[in-house]
Amino acid sequence: MSFSRSKVIFAGVLALSIPATIALASVSNSVNPQMETPRQTMLNGYVGSGRPMDSDSAAMPYADLAAFDKITTIGTAQSPDVPYCDHRGEMLKVLQHDFAESPRFQKSLGSNRKVELLGSNMMGTWTALYTRADGVSCVVSSGMDWKSGENPIALLHKEGILPAT
């Protein structure tokens, strides 16, 4: 039986790539779980990168969503370190297409501003949006484990976005 040089090289690369692929795909369980709720983090005076509203003073029990009004670029023009904002219609289209999310709750904040919660029974995802007076919506928060019948106000309260009613 004769082996060509290319077959030997291919077999060697294949033999080395399988263990490397397995090693790269391994998942570490060393992630520390968050010890406090997002609202408690906000009340304690969160400092760091994240949502613009998270850096508000600890004296505010709920975030000032107007911090998103200061974001001047939207859509693909945005830097990756800025919360994602786009025209509301485009944002709804993307969330429907990519995550099968649809509106579950909407609360007016006055002055043509509102907070919305979208959820997907199929994907189990949710997204909280803040829509500014100019019609631009920004992703305020998002997560997994959305279940049909879940209380959207309780979720927005837990995220520190709206007070419970």
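Summary of the structure given here. Here the structure is a predicted model, which is why all the values come from computation and not from measurement.

**Side note on the overall build of the chain**
(1) Moving on: Summing up its helical and strand segments, the chain has four helices and five strands in all.
(2) Moving on: The burial tally for the chain puts 31% of its 165 residues in the buried class.
(3) Moving on: Of the contacts formed within the chain by residues at least 6 apart in sequence, a portion of 41% connects residues at least 24 apart.

**Examining the state of the cysteines**
(1) Moving on: Enumeration according to the criterion identifies one disulfide in this entry.
(2) Moving on: At a sulfur-sulfur separation of 2.0 Å, the disulfide partner of Cys85 is Cys138. The sign of the 110 degrees torsion about the S-S bond sets the Cys85-Cys138 disulfide as right-handed. Separated by 53 residues along the polypeptide, Cys85 in strand 1 (residues 85-87) and Cys138 in strand 5 (residues 136-144) bring together distant segments of the chain. Here the two residues Cys85 and Cys138 agree in accessibility, since each one is buried.

**Comments concerning the nonpolar core**
(1) Moving on: The biggest cluster of nonpolar side chains holds 18 residues, and the ones touching the most others in it are Leu65, Phe68, Leu117, Leu156 and Ile161.
(2) Moving on: When contributions to this core are tallied by element, the ones reaching two or more residues are strand 3 (113-119), strand 4 (125-131), strand 5 and helix 4 (152-158).
(3) Moving on: Listed in part, the five residues of the second largest apolar core include Met91, Leu92, Leu95 and Leu129.

**What to know about the sheet that holds strand 1**
(1) Moving on: The strand order across the open sheet formed by five strands is 1-5-4-3-2, and the pairing between neighbours is antiparallel. Two strands lie at the open edges of the sheet, namely strand 1 and strand 2 (102-110), each paired on one side alone. Neighbouring strand axes in the sheet, compared pairwise and without regard to direction, differ in orientation by 25 degrees on average.
(2) Moving on: Relative to strand 4, strand 3 runs antiparallel, the two sharing six bridges. The residue of strand 4 that forms the bridge with Glu116 is Leu129.

**What to know about the pattern of salt bridges**
(1) Moving on: Tallied over the entire structure, the rule returns three salt bridges.
(2) Moving on: Between Glu90 and Lys93 there is a salt bridge, with its nearest N and O atoms 3.4 Å apart. Taken together, the positions of Glu90 and Lys93, both in helix 3 (residues 88-99) and three residues apart, correspond to about one turn of that helix.
(3) Moving on: Glu90 sits in the partly exposed class, given a relative accessible area of 34%.
(4) Moving on: Owing to a relative accessible area of 55%, Lys93 belongs among the exposed residues under this scheme.

**Details of the environment of Phe99**
(1) Moving on: The topology assignment puts Phe99 in helix 3.
(2) Moving on: Judged by relative accessible area, which is 34%, Phe99 ranks as partly exposed.
(3) Moving on: In the structure, Phe99 is positioned 26 residues away from Thr125 in sequence and 7.0 Å away in space, judged by C-alpha atoms.
(4) Moving on: Each residue touching Phe99, except ones within four places of it in the same chain, is listed here: Val94, Ser120, Met123 and Thr125.

Cut-offs and rules
Residues numbered from 1 in each chain as written. Predicted model: local features only at pLDDT ≥ 70, side-chain atom pairs only at ≥ 80, totals over all residues. Heavy atoms only, no water. Helix = DSSP H or I, 4+ residues; strand = E, 2+ residues; numbered from the N terminus. Buried < 20%, exposed > 50% of the residue type's maximum accessible area, 1.4 Å probe, protein only. Contact = heavy atoms within 4.5 Å. Disulfide = S-S within 2.5 Å. Core = buried A, V, L, I, M, F, W, Y, C linked by side-chain atoms within 4.5 Å. Pairing = 2+ DSSP bridges. Axes fitted to C-alpha atoms, helices over the stretch in contact; angles between N-to-C directions. Salt bridge = Lys/Arg side-chain N within 4 Å of Asp/Glu carboxyl O.

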